[in-house]
Amino acid sequence: ADPLNVEFTFNEYHQFVETVVGKHAGRIHSTAGDGVIAVFDEPANAYAASKQLLGGLFEFNAFRNRVERPIELRAGMHVGSVLAPGQDATSVNFAHVIDIAAHMQKECPIGCLVVSEPAAAYLPGGPDAVGEERVSVHDVKGVIWRPRHKIDPTPVSGQIGIE
């Protein structure tokens with residue numbers, strides 16, 4: 001793709017992620033290429049942000065993506081304590097909780113979110129409310145959240161009547 005279009009799209013993508021994370025009281029820990037690690041004080045906020053990011057990609061790709069392929073995401077979520085200098089989790093270089101979340105993300109189908117069972121236990125309804133499919137990463141079980149349906153871009157033929 002044209003380098004200016006790639007640069008524009010990735011700047012827009014990072015702004016999109018930062019906006020959604022901030023809206024849900026999170027902070028960007030780090031970025032590397034297309035990868036982003038965010039920290040949240042509450043698992044419900046991380047869960048809501050992840051679902052909004054995944055759900056917002058249709059609009060992002062339609063209006064802010066200037067490369068030929070759509071941006072696709074997969075996300076991993078885990079919960080745990082982190083010892084952080086100055087109590088700022090964004091200053092941590094490595095933590096077990098980040099490692100497990102990253103491995104959850106790698107096991108995740110595109111367009112979905114894997115929530116570790118310890119994190120899902122903090123969500124209303126627990127793991128069963130997240131989804132039915134399960135994965136296991138380094139002896140930590142996770143549950144896959146999938147969007148209920150994808151929007152079919154195929155035009156619908158027929159008429160719509162308004163009365």
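Here the structure is shown first, and the text comes after it.
*Asks:* Teacher, can you tell me more about helix α1 (residues 3–23) here?
*Replies:* Because each turn of an α-helix spans 3.6 residues, side chains separated by three or four positions end up pointing in the same direction. Taking 1.5 Å as the rise per residue, α1 with 21 residues should run 30 Å; its terminal C-alpha atoms sit 30 Å apart, in good agreement. Restricting attention to buried positions, one finds in α1 the residues T9, E12, Y13, F16, V17, V20 and V21. An end-on view of α1 places all buried positions within 165 degrees of arc, on one side of the element. In α1, the exposed residues that point more than 90 degrees away from the buried face are P3, L4, E18 and T19. On its buried face, α1 sits against β1 (26–32), β2 (35–40) and α2 (43–63). Just downstream of α1 lies A25, where phi reads positive at about 60 degrees.

*Asks:* Explain helix α3 (residues 96–107) to me, please; I cannot follow it from the model alone.
*Replies:* End to end, α3 covers 17 Å across 12 residues, agreeing with the expected 16 Å (1.5 Å per residue, within 8%). Listed in full, the buried residues belonging to α3 are V97, I98, I100, A101 and M104. The buried residues of α3 occupy one face: seen down the axis, they fall within an arc of 165 degrees. Across from the buried face of α3, at angles greater than 90 degrees, the exposed residues are H96 and K106. Where α3 is buried, its residues contact β1, β2, β3 (75–77), β4 (113–116), β5 (134–137) and β6 (140–145).

Thresholds, definitions, all that
Counting starts from 1 at the beginning of each chain's written sequence and moves along it residue by residue. A pLDDT threshold of at least 70 governs which residues receive local features in this predicted model, and a stricter bar of 80 or more applies before side-chain atom pairs are shown or counted, although totals over entire chains, interfaces and linings include all residues. Where side-chain values are given, they derive from all heavy atoms of the structure, hydrogens and water being excluded. The helix count covers DSSP runs of H or I at least four residues long, the strand count covers runs of E at least two residues long, and both are numbered beginning at the N terminus. To estimate the expected span of a helix, subtract one from its residue number and multiply by 1.5 Å. Whether a residue is buried, partly exposed or exposed follows from its accessible area with a 1.4 Å probe, protein chains only, as a fraction of its type maximum: under 20%, in between, or over 50%, in that order. Of all possible arcs, the one meant is that of the directions from the helix axis to the C-beta atoms. Here a residue-residue contact requires only that any non-hydrogen atoms of the pair lie within 4.5 Å.

Taken by themselves, the reported measurements are silent on function.
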